[in-house]
Each structure stands twice: as structure tokens, then as C-alpha cells.
Amino acid sequence: MGNILEFVPGDSFLHRLNPITKIVLAFLFCICSLLSNNLLIQVGLLAFLMIIAFAAGIGEKAMGLLRTLLFFCILMIILQLIFMRGGVGYLVLPGGFPLVTSDGLYYAALFTLRIINATLPLLMMFAITQMNDLTNAMVNRLHVPYRYMFILTTAFRFIPILAGEFHDIMDAQKARGVEFDTRNIFKKIGLIVPLCVPLLVSSVKKVDSGAVSAQVRGFSLRTRGAGYKAYPFRLGDLLALLLLAAMIVLLVFFG
Amino acid sequence: MIEISKMGFQYSGSDRMALRDINLTIQDGEFVGLIGVSGAGKTSLTHTLTGMIPHHYKGDFYGSVRVNGMDTVECRGEDLYRIVGSVFQDIDSQMVASVVEDEILYGLENFGFSREEISERLENVLDTLGIRDLRYRALSSLSGGQKQKVAIAAIVALRPQIIVLDEPTGELDPESSLQIFRLLRQLNKEFGITVLIVEQKIMLLCEYVDRMIVMNEGAIVFDGPARDVVRHTSTFEDIGINVPRVVTLCGQLQKKGLYNGQVPLNVEEGEKMVREVLRGGRHAGI
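Residues numbered from 1 in each chain as written. Chains lettered and ligands numbered in written order. Predicted model: local features only at pLDDT ≥ 70, side-chain atom pairs only at ≥ 80, totals over all residues.

To continue, consider the packing of helix 7 (residues 146-175) of chain A against helix 9 (residues 196-216) of chain A. Axes are the key here: two packed helices are described by the angle between their axes and the distance separating the axes. Residue and element names in this part refer to chain A. Contact pair helix 7 / helix 9: the axes reach a minimum separation of 10 Å and the direction vectors enclose 140 degrees. Of the possible angle classes, the one that applies to helix 7 and helix 9 is oblique. The way helix 7 lies across helix 9 gives a crossing that is right-handed. Only Pro198, Leu199, Ser202, Ser203, Lys206 and Gly210 of helix 9 make contact with helix 7, whose side of the interface consists of Thr154, Ile161, Leu162, Glu165, Phe166 and Ile169. Tallied by class, residues from the contact of helix 7 with helix 9 come to six nonpolar, four polar and two charged. (Axes fitted to C-alpha atoms, helices over the stretch in contact; angles between N-to-C directions. Helix = DSSP H or I, 4+ residues; strand = E, 2+ residues; numbered from the N terminus. Parallel < 35°, antiparallel > 145°, perpendicular 65-115°, else oblique. Left-handed = near helix turned anticlockwise from the far one by under 90°. Contact = placed C-beta atoms within 7 Å. Nonpolar A, V, L, I, M, F, W, Y, C, P; charged D, E, K, R; others polar.)

Now the structure itself:
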């Protein structure tokens, strides 16, 4: 599996939106999914999201993200089936105890869709936005201090680097005969915990060298106006925001 | 110009001097190679030039380091960064962006150049380093050699007078290493940029640098033209640095009194030496 936050290059309408618009849209979409208890509306929202994804050329990526979310969805389904006990019972056990209830099924479906609809937009946003653009737009337009945005960007950037490092350390241990392929999950965890020390040491080193490198390239000199690329708000941004705002209004009154 | 005099440094928390009694002058436009086993103080020495020692890495600092007459301890880091650019050992962690173009733009934006200036420099550096085709590529999709070129481009775009590189070919294959050295020589010759490069591959140093500095246990052991420095084969062995095989061969031939010409630094010169020795042998009837 590649990095789930990785950027997918493209030149679609969505790609060309202002980075700030994109993040606001993602949050507005999350709000939409939280506003409605109607199963059909949630299905509609998901369908809309997928249409957007395919239109932006990140359909495959969106499907990949869905697969990543699958684990949480299954967990949610199980929990809802266990705890929502109402309505008609199905699969009745000998003692008259229904294994599954109609309420359980309904809420399982609703909450699964809601989880997807609330998380997918943000993940999709990262797929169509360069972290760098987001940083610059936030600093230039919203006057967020650069320091904080740099921390955020760096954190994102280090995820794959540290993951690679972790694999290297694990391979080194494997070569020394540590059995990471054990079936016993507790034993496996026990074997992985000691790896945290070398990982921590090397990540601190890497972060430090990153900081030094940014510093010698004038990190501390950067001003709010610094930025070669401009991030203007265009008509498309306005239209997209209006569409989402309209969806929210509709959902508040009719959802 | 870099002037280091009676400089020493001890990292706080460490019980030994990382750098001892360093006296070094590097003129503008020199191409200097720095070699030594790990822990010899090479990286520390490069850090003193950017002011990272003692401003970022704390410790006891003795003596003085002057870059273009500015004392690195007293001057503001920002003034120093405009003159000295550095490329670090770890390729991945020194990148700040995810796309090549953004990576090069980063320093330019920070130093507050005008938009026209930035675009002129960006276009320029893409051509100089021959990475125009990589412009919109994601950094994660590049090979080690390409990444290193981008890292160098990001520094060259700032047009420093001095570039300090810490083992830039450490993670590269021989061909990419060679490319990096060719590139550095081009920058050195065409733009007069002073290059100080820390490098383990002695063959490359012999071939490309004007001047070689050997460090051991925090001190400078040898300093001079590569041809003069590599002659000290026994000291090199004591320290633990491999000398090129042509040099070893030359030493053995000299010991036997078969050769007394100049020390060969690459395979071609080695070939010439061997031919000469063989010819001499034939004359002597051996």
C-alpha cells in the first residue's frame, strides 16, 4: 500500500481550486454527513463523493481509501449489530434471542456510511492538494504562522520516511534471526516494541538534519508574503462553496 | 574566502574534542576535498562554516572561523547563509517539499527575492543542472542521484559563493557519483563557486579536486594538492583510509627503485606509469 495521503497529479476542476477552498469543502462535506440520519441521503452523499472522485481522476485512489477504511467499517457494523437492539429480530437463537435486529442493521449501515462520508472527503482533499500549496495558501491568505504550517507539512513528509526507516530496522532484526512472522499477536507486539528506541533515535536525527537544512536555506527569514506561486480565489471556488453551503442548508431543513 | 585559525570544538556532553587545532585557509574558487574515517570531524568542520556550530550544535568553541571576513560566531546566521550553501548527508530528510520545483523555490522564497528574479533563477538552475525534465516530478519518485542533483540545485539557485557538501555521493552508485562530481567541477569552473566536499571515495577526489585535506581524530593531518597528499600511503593505512590502487602500486614500484615519476591519480595515468616502467625494464634487460 502506498502512502494514503499521497498527492495524485492532475489538472481537473478540483485540482485547480484554491487549496483553502479544498480544505473548507472537505470540512463542509463532513458536516453534511453528520447532519443527516437518513440512510438514502448518506448513500446519495457517498455516490456524489465517488462521482467527484472519478471526475477529478482520483477514482482509483478513492477506492483504495475505501479499502483502507474497510476495517473501521466492519468494526462499526459489528458494534451496531451487538448494541442496537430494537425492531424485528432475525436469526433467532434457540433461547428466543435474535442475533440480528432490524434496528441493528439500519444503524450499522447508517454509521458505516457516515464514517466513510466524514473521513473520505479529507483524505481525498490530500490526494488533490500539494501539501506545499496548502501551506503557502494558508500562510499567504489566512495568515496562519508559517512556523505551524511547517510543522504540519514536515510531519506529513516524514510519515513515509519513518515508515521506510521502520522497515529497514525490522529487516535488520530479521537478518539477526528475530521472528517477526510469528502468529502470536502478543509475541509480535513484544518483538516490535524494542524497535521503537532505534526508530526514535534515527527520527530525531533526521528531523534535526531537516531543521538544519531548512535553516540554512533561510527558514527564519521567510515572511508571510514569501511565495512564488499566487493562490487567487476564482469563480470556481465560489461556485463550489455555494454548492456545499446549499447542501448544508437543505440538509438542515429537510435532512 | 574561508579563514579558520586555531579552532577547536567540543560538543557539550562529549568528553573529547571533535575538532582540534584547525588552521585552514581556503581561497575563492578552490575545489577542496575533505577525507577521513567516520568520526574524524569532517561533518563538524562543515558545520562550523555554516555557523551551525556553535549556534545550533552547542559546545565549547575555541579560535575563530571567518567567512569573507565575517566571524561565524558573531555574525547573524542569515548573512552567512547567503554566502555559504550546504548540502547534507541524508538526502531525504533535507528535502522540504514534495515536488522538485517547490524544493528549488523554497530557499528563493525564503530569501525574499522578487518574483522575476525567482523565475529567472529557477529556469537557470534547471538548465545548469540538466534537470528540466524533472521539474514537476514528485521527489519520492526520483532516484538517489536525481534527488541529490535537486538538493544541489536548490542550493545553487541561491547563488552562494561557497558550497559545502557532506558526502553527497554516499548513497549513490558509481555512475551517479561521477555525474555529481562533474557537475560540481562545472559549477566550480564556470561560476567560480568555491566547493568544499566531504567524500569517502578517494578515486573521485583524486580525479576532481585541486586540493585534498585529510582529517583524523579532529585534526588536519595532510593538506595539499591530491598528488602530494596521497603519497603518504603508510599514514593513510594507519588512519584507515584506502588509497587508490594505482597509488599503492606506484609506492611499491618506487620502493624497488623502478619508478620515480609523478604519482598517478587515475587509471590512465597508472597505465602510463606501468608502460614507462615496463619500457625501462626492457631497456635494463630485466
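Annotation of chain A at the domain level lists domain 1 (13-136 + 231-254) and domain 2 (144-221). Each of domain 1 of chain A and domain 2 of chain A has a C-alpha centre, and the two are 31 Å apart. (Domains from an automatic or database assignment.)

Bringing the domain arrangement of chain B into the picture now. Residue and element names in this part refer to chain B. For chain B, the assigned domains read domain 1 (2-231) and domain 2 (244-286). Once you take the C-alpha centre of each, domain 1 and domain 2 turn out to be 35 Å apart. Contacts between domain 1 and domain 2 engage eight residues on the former and six residues on the latter. Among the secondary structure elements, those contributing two or more residues to the side of domain 1 that touches domain 2 are helix 8 (202-208) and helix 9 (226-229). When residues of the side of domain 1 that touches domain 2 are assigned to their parent elements, the largest contribution, four residues, is made by helix 8. Of the residues belonging to the side of domain 1 that touches domain 2, the class tally is five nonpolar, no polar and three charged.

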